Amino acid sequence: MEKLRIYGGKSLKGRVKISGAKNAAVAILPAALLADDTCVISNLPYIDDITVLADILHEMGAHVELDREGTVRINALEMNEYKAHYDMVRRMRASYYLLGVLLSKFGKAEVSFPGGCAIGTRPIDQHIKGFEALGAQVNLEHGVIKVSADRLIGNEIYLDVVSVGATINIMLAAVKAEGTTTIVNAAKEPHVVDVANFLNTMGANIKGAGTDIIRVMGVETLSGCEYAIIPDQIEAGTYMIAAAATGGDVTVTDVIPKHMEALTAKLLEMGMEVLEGDDEIRVIAGQRPRKVNIKTQPYPGFPTDLQQPISALLCIADGVSVVTENVWEARYKHMDEISRMGGKAKIEDRVAIIEGVEKLSGAPVTATDLRAGAALIIAGLMAGGMTEISDVEHIDRGYEEIEYKLVALGADIERVDENGKARRLKLIQSSYGEKARAIL
Ligand code: EPZ
């Protein structure tokens, strides 16, 4: 089990390139199985969720070549496996997208149920409702979801909750169905739009992605294509919050500023300066942040995935902030850890009342999930002294080279391996500019 050790109190300064969007990539990779030819997908984040998913698709018989620069070539012409076993999917929560893809490709799929996780139960009733509306039979047997259909026929599906996963999974299942499928009350997240754009590049006919109503006109075949994934909204937001947390001056590059509007509005409200360019955003933090209230909502509301990092920042804000988590029921585990660092918060169900303190003090803490890990990094960067974060495998699932990027911005952070040996990083000049590298 590796740890991250942060010596806090350094202001972050400089430019950081944002990687491709994890939550688009985990759907686009399996979606490529639907093509009749090779798909070449670039700007994938090189993170554990993607390397694990590439392994799963390979184990299921697809030809998958993933390179270190984040480009993958996938060809699934010879694949005939429609089952994904528990030992595969337990490594990868978003493997529920295999249901929609395999149903579309083979007319049947058997995928182990993903189960709950540290941020709350993860029901998939809306995914199932969608598959059934398209004519599929769905059964849960011994922890495995079995879906099958002789024919998939387009239908109108109203989602009872705005669900990213259900919206994408229904698009995947409907893309080659007969006739038109209409998803009403669809999720509008940037990664939903990216998946629709990818499918359309393969020859699908999907309209309305990014609005409440998506129409999928079924096509007979999908072909191979080249596609670049959008930048990661949540990774970008995490570095913007880190800038605000450390009194820093950070420019996140290769981003889509429109995707960041909810966070930008809150940082401005906190008293930060935020400058938007065409594909970059600079956050200049001149003062202690003012308190703000946050309510998480589906896009374009404030993203739940940034709630944990921003609530860490609010622990040092001037005043009392109220955070309401409307999407996941148990997404405050990081606050228990931050209270060990001197953070003051009262959690009542979905509401956190955070009383800002002047300073946190470093302590040993544990990451319980991906964004809790990001929140603890923010807390560690702000705190006096050393913070040691355990269970960093959660962080490695979703943030590419996080300590390299942070060191390049001036943070003092190192990774400690399972034998307790710390790996220091140093800055070197490369053809791309300054970059952190491990001292071996
Ligand atoms: C996606 O999860 C993201 N994961 C999550 O990011 C993100 O927090 C979430 O969307 C919300 O934006 C991926 O894209 C891989 P949902 P997903 O279906 O699709 C309820 C991260 O940190 N619901 O939009 O699983 C559900 O309980 C991760 O990167 C149902 O009731 O989320 C939740 O309250 C964590 N029935 C709400 O809807 C269903 O069938 C939104 O869930 C489906 C969902």
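Predicted model, so just to flag it, every value in this text is computed and none were measured.

Below, the discussion takes up the domain arrangement of the protein chain. Here the protein chain is described as being made up of domain 1 (3-19 + 231-439) and domain 2 (22-226). Facing 25 residues of domain 1, the contacting portion of domain 2 comprises 20 residues. Summed over both sides, the interface between domain 1 and domain 2 buries roughly 1800 Å², with carbon and sulfur atoms accounting for 51% of that surface. Of all residues in domain 1, the largest losses of buried area upon contact with domain 2 belong to Tyr299, Trp328 and Arg397, amounting jointly to 31% of the total for that side. At the junction of domain 1 and domain 2, the tally comes to three salt bridges. Among the ionic pairs, Arg397 bridges to Asp49, the shortest N-O distance being 3.0 Å.

A few words now on the site of the ligand. Close to the ligand lie 25 residues, the nearest being Ser163, Val164, Asp305, Val327 and Arg371. A distance of 3.1 Å is found between an oxygen atom of the ligand and a side-chain nitrogen or oxygen belonging to Arg122. Trp328 places a polar side-chain atom, nitrogen or oxygen, 2.9 Å from an oxygen atom of the ligand. Elements with a contribution of two residues or more to the shell around the ligand: helix 1 (22-31), helix 5 (125-133), helix 6 (164-174) and helix 12 (370-382).

In regular strands, side chains alternate between the two faces of the sheet. Here strand 11 (residues 180-184) lies mainly inside the structure; four of its five residues are buried. In terms of strand pairing, strand 10 (residues 156-158) meets strand 11 through three bridges, oriented parallel. Bridge pairing in strand 11 places Ile157 opposite Ile183. Running through helix 6, the crossover from strand 10 to the neighbouring parallel element strand 11 is right-handed. When strand 11 meets strand 13 (residues 213-217), the two strands line up antiparallel, connected through five bridges. For Val184, the partnering residue across the bridge sits in strand 13 and is Ile213.

Here is what the cut-offs are and how they apply
- Every chain begins its residue count from 1, and numbering advances along the sequence as written.
- Residues qualify for local features only when their pLDDT is at least 70, as the model is predicted, and side-chain atom pairs are given and counted only at 80 or more; totals for whole chains, interfaces and linings, by contrast, use all residues.
- Just so you know, side-chain values use all the structure's heavy atoms and leave hydrogens and water out.
- Domain delimitation follows an automatic or database domain assignment.
- Contacts are residue-level and defined by heavy atoms, with any inter-residue pair within 4.5 Å sufficient.
- Note on terms: buried area is the combined drop in 1.4 Å-probe accessible area of two parts once they are placed together, counting the loss on both.
- For this document, the term salt bridge refers to a Lys or Arg side-chain nitrogen within 4 Å of an Asp or Glu carboxyl oxygen.
- Proximity criterion: a residue is near a molecule or strand once any of its heavy atoms comes within 4 Å of it.
- Any N or O atom pair separated by 3.5 Å or less is treated as a polar contact, with the protein-specific requirement of one donor-capable and one acceptor-capable atom, and with residues adjacent in sequence counted only for side-chain atom pairs.
- Only DSSP runs of H or I with at least four residues qualify as helices, and only runs of E with at least two residues qualify as strands; both kinds are numbered from the N terminus onward.
- Exposure is judged per residue with a 1.4 Å probe applied to protein chains only, and the accessible area is read against the type maximum: over 50% gives exposed, under 20% gives buried, and values in between give partly exposed.
- A pair of strands is labelled paired if DSSP reports no fewer than 2 bridges between them.
- The handedness of a crossover follows from its direction of travel: if, with the strands pointing away from the viewer, the path from the first strand over the helix to the second runs clockwise, the crossover is right-handed.

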